[in-house]
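Remarks on the overall topology
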Amino acid sequence: MTVTDNEPRSVLVTGGNRGIGRAIAGAFLAQGDRVAVTSRSGGGPEGSLDLVCDITDAAAVDEAFSRIEEEHGPVEVLVANAGVTADTLLLRMSEEDWSRVIDTNLTGSFRLAKRASKGMLRLRRGRIVFISSVVGLLGSAGQVNYAASKAGLVGMARSLTRELGSRSITANVVAPGFVDTDMTAVLTDEQKDTIKQQVPLQRYGTPEEIAAAVLWLTGEHGGYVTGAVIPVDGGLGMGH
Ligand code: NDP
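Reading guide: rules and limits
Residues numbered from 1 in each chain as written. Predicted model: local features only at pLDDT ≥ 70, side-chain atom pairs only at ≥ 80, totals over all residues. Helix = DSSP H or I, 4+ residues; strand = E, 2+ residues; numbered from the N terminus. Expected span 1.5 Å × (residues − 1). Buried ≥ 20, exposed ≤ 12 C-beta atoms within 10 Å, placed from the backbone. Arc of directions from axis to C-beta. UniProt positions renumbered as here; feature names shortened; annotations may be inferred. Axes fitted to C-alpha atoms, helices over the stretch in contact; angles between N-to-C directions. Parallel < 35°, antiparallel > 145°, perpendicular 65-115°, else oblique. Left-handed = near helix turned anticlockwise from the far one by under 90°. Contact = placed C-beta atoms within 7 Å. Nonpolar A, V, L, I, M, F, W, Y, C, P; charged D, E, K, R; others polar. Near = placed C-beta within 6 Å. Pairing = 2+ DSSP bridges.

Attention now goes to helix H2 (residues 58-72). For the α-helix, the turn length of 3.6 residues means that residues three or four positions removed from each other point alike. The end-to-end C-alpha separation of H2 is 21 Å, in line with the 21 Å expected for 15 residues at 1.5 Å each. Of all the residues in H2, the buried ones are Val-61, Ala-64, Phe-65 and Ile-68. Taken around the axis of H2, the buried residues stretch over an arc of 100 degrees, which confines them to a single face. Pointing more than 90 degrees away from the buried face of H2 are the exposed residues Ala-59, Ser-66 and Glu-70.

This is the structure:
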């Protein structure tokens, strides 16, 4: 049996209350899955199981999974999407800026994958998707912490692929380019124009375009794809 079979699945999208995560959650809801979303402030899309869970807290992650298991059954699809930035140049970057970003983006994803894998191993199937970034592969001045956290997800996904593959569990990375969300709203119009000029498609991506890649990877047609890094970046990072 594959993870799909077109039966509704228990899906968890972290950071599902806004931006890219909200679009991903909405796409799973639209295809009839049982979708849980987590965030620190709540407010997930209608029809989702909306849970408050800070992914820097392992006990809170465990509690959220227990709630999802009660309401929707074991998580079959995990989309580790929640992420933060704390941008500044290396010499100005504090230990706190470094640790907060690593703890959320990388260690948070580790906590989620570890907890999700328990149920997936029992089910003998599962799909894990980490939302990384083009920046994890290209690097970015002022984002040493963020780029390191996003690059780390690639090594994690590929190690999970080797550990869990024999149980029909896939682990992949989606690496978005620039997408219009709260995260990029802090950029000035001038910075946005400069970025657009570097993107072969000359525009930002939409949250829905990221969601489409996640749906493919976790759906019937993505069943033989694992340990992959799928860029959805308008060509910005090609070759990496
Ligand atoms: P947003 O800033 O719009 O959303 C971030 C999400 O993460 C929110 O739902 C937020 O919810 C949640 N979150 C942050 N910290 C925590 C935490 N400690 N525990 C639980 N939830 C948390 O970002 P985007 O939608 O733009 O980004 C989503 C993902 O895509 C991120 O991993 C980002 O790095 C990645 N990405 C984004 C790009 C872009 O251009 N926008 C480009 C490449 C990658 P709350 O604040 O309520 O906790």
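What follows deals with the UniProt feature "domain: Ketoreductase" (unreviewed entry) in the chain. Following the UniProt record, one finds the feature "domain: Ketoreductase" (unreviewed entry) at residues 9-182. Counted over residues 9-182, helix gives 48% and strand 19%. Its end C-alpha atoms are 29 Å apart.

Close contact between helix H3 (residues 95-123) and helix H5 (residues 144-164) brings their axes to 9 Å; oriented N to C, the two are set at 20 degrees. Our classification of the angle between H3 and H5 gives roughly parallel. Once H3 is placed against H5, the crossing between them reads as right-handed. The segment H3 lies against H5, with Asp-97, Trp-98, Val-101, Ile-102, Asn-105, Leu-106, Ser-109, Phe-110, Ala-113 and Ser-117 engaging Asn-145, Tyr-146, Ala-148, Ser-149, Lys-150, Gly-152, Leu-153, Met-156, Leu-160 and Leu-164. Here the contact of H3 with H5 is built from residues that sort into twelve nonpolar, six polar and two charged.

Here we take up the site of the ligand. Contacts to the ligand come from 28 residues, most closely from Gly-15, Gly-19, Arg-40, Gly-83 and Thr-181. Of all the elements in the fold, those that place two or more residues in the shell around the ligand are helix H1 (19-30), strand E2 (34-39) and helix H6 (182-185). Considered class by class, the residues forming the shell around the ligand number nine nonpolar, 15 polar and four charged.

Moving on: the environment of Gln-143. As for its placement among the helices and strands, Gln-143 is situated in the loop between helix H4 (134-138) and H5. Judged by the 22 C-beta atoms lying within 10 Å of it, Gln-143 is buried. In this structure the C-alpha to C-alpha distance between Gln-143 and Arg-127, which are 16 residues apart in sequence, comes to 29 Å. Those residues in contact with Gln-143 that lie beyond four places of it in its chain are Thr-85, Asp-87 and Val-135.

Attention now moves to the packing of H2 against H3. Packed helices, taken two at a time, are described by the angle their axes make and the gap between the axes. Where H2 contacts H3, the axes come no closer than 10 Å and their chain directions differ by 35 degrees. Judged by the sense of rotation from one axis to the other, the crossing of H2 with H3 is right-handed. Along the contact surface, H2 presents Ala-58, Val-61, Asp-62, Phe-65 and Glu-69, while H3 presents Arg-111, Leu-112, Arg-115 and Gly-119. Residue composition of the contact of H2 with H3, by class: four nonpolar, one polar and four charged.

Once that is clear, we can look at the environment of Gly-219. Positionally, Gly-219 belongs in the loop between helix H8 (207-218) and strand E7 (229-232). Distance from Gly-219 to Ala-175, taken between C-alpha atoms, is 18 Å for residues 44 residues apart in sequence.

Taken in spatial order, the seven strands make up an open sheet running E3-E2-E1-E4-E5-E6-E7, and their pairing is parallel. For this open sheet the edge positions go to strand E3 (49-52) and E7, each flanked by a neighbour on one side alone. Neighbour-to-neighbour, the strand axes of the sheet open up by a mean angle of 20 degrees, direction not taken into account. With respect to the sheet, H2 is in contact with strand E1 (10-14), E2 and E3, its orientation differing from that of E3 by roughly 165 degrees.

In terms of backbone geometry, most residues other than glycine have negative phi values and most peptide bonds are trans. Look at Arg-124: it is not a glycine, yet its phi comes out positive at around 60 degrees. Its location among the elements puts Arg-124 in the loop between H3 and strand E5 (126-131). Owing to 11 C-beta atoms within 10 Å, Arg-124 belongs among the exposed residues under this scheme. With a phi angle near 60 degrees, Gln-202 is a residue other than glycine that sits in the positive phi range.

Turning our attention to H1. Compared with the 16 Å implied by 1.5 Å per residue over twelve residues, the 17 Å span of H1 between its first and last C-alpha is a close match. Extensive coverage of H1 is indicated by the burial of eleven of its twelve residues. For H1, the complete set of buried residues consists of Gly-19, Ile-20, Gly-21, Arg-22, Ala-23, Ile-24, Ala-25, Gly-26, Ala-27, Phe-28 and Leu-29. A positive backbone phi angle near 95 degrees is found at Gly-32, which sits one or two residues after H1.

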